[in-house]
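Observations on the model geometry
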Amino acid sequence: MLQKYLENYNINYILDLEEKKDLQYINIKKSWIKINEYKNVSDNDKFFFIKIIIYNSLISYQLSWTWEKRWQEFAEFLYQNFDKLLKNIELYKTFLINSKNNRRLINMKIKRLKKIDKFFEEVDNLNSLINYYQNMTSLNTKLAYCMKQKKTAKTIVFSIKMFAYSCRIVFDKIERFPFDICIPLDSRIKKIYEINTWNKNYKESEIIKYFDDISKKIKIAPLHIDSLLWVDYWKNEI
């Protein structure tokens, strides 16, 4: 039973796991370290770094390769072109078009970037991002509104997770995920749900409730559970 497995771990273990074994976190941090190696970063640099992580997160779907390869490719592009992107974020679209790992539905993804631009018309400074890091539930609501999606949409909640990772790295401060942001419903999570419930005829709301219920019982937020399932359970138990 999945709950029994999860009960073997606590939040401190998962936070450590995220930083040491989640390749998405590792690649974001590697990019930030390399940027810091060649310049004295300003608040504007910090703001832009977190902003571009949100950009990349919101169009990270229907990938041509694995999530890990996608974020490795993006991280390398980011630190190699950071100052150019600061001057012209439109270069990100060029990266998207030429990406090895995110070539599907390009036109649709470029349209999504325009919606993200509207979000950053209001959120235009580092303090705004700091406030959202301290209140990720509010960010969940705001992003969903700007992207015209449900708060439970996979890319929306995944973007919250990557946003928090980038903030943890840039600010060197851990803010735990709120309990009211649901787990990203990707194919992996759906498979884990099917295996543990023997239910293959379900609504997505049933999966969300299943993980929310476990989250409350073990007192670990769904997005942190997602980290454990992604890095450990999926690779070792499935």
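Calculation notes
- Residues numbered from 1 in each chain as written.
- Predicted model: local features only at pLDDT ≥ 70, side-chain atom pairs only at ≥ 80, totals over all residues.
- Heavy atoms only, no water.
- Core = buried A, V, L, I, M, F, W, Y, C linked by side-chain atoms within 4.5 Å.
- Buried < 20%, exposed > 50% of the residue type's maximum accessible area, 1.4 Å probe, protein only.
- Helix = DSSP H or I, 4+ residues; strand = E, 2+ residues; numbered from the N terminus.
- Contact = heavy atoms within 4.5 Å.
- Phe/Tyr/Trp six-rings, centres within 6.5 Å; stacked < 30°, edge-to-face > 60°.

1. Comments concerning the nonpolar core
Judged by nonpolar contacts, the single largest core of 83 residues is most densely connected at Leu2, Tyr92, Phe163, Phe211 and Leu229. The element contributing the most residues to this core is helix α11 (residues 154-171), with 11 residues. Residues in contact with Tyr92, not counting those within four places in the same chain, are Ile52, Tyr55, Asn56, Ile59, Arg70, Phe74, Phe77, Leu85 and Leu113.

2. Concerning the environment of Leu139
Relative to the helices and strands, Leu139 is located in helix α10 (residues 136-147). Its relative accessible area of 1% is what places Leu139 among the buried residues. For Leu139 and Glu19, which are 120 residues apart along the polypeptide, the C-alpha to C-alpha distance reads 22 Å. Ignoring sequence-local partners within four residues, the contact set of Leu139 consists of Phe119, Tyr132, Ile160 and Phe163.

3. Some points on the packing of aromatic side chains
Counting across every chain of the model gives 22 aromatic pairs. Judged by centre distance (5.3 Å) and plane angle (55 degrees), the rings of Tyr5 and Tyr9 are tilted. We classify Tyr5 as buried; its relative accessible area is 12%. Look at Tyr92 and Phe95: their rings are 5.8 Å apart centre to centre, the planes differ by 45 degrees, and that puts the pair in the tilted class. One end of the pair is Tyr92 and the other is Phe95, both in helix α7 (residues 91-98) and 3 residues apart, which spans about a single turn.

Remember that the coordinates give geometry; whether it matters functionally is a separate question.
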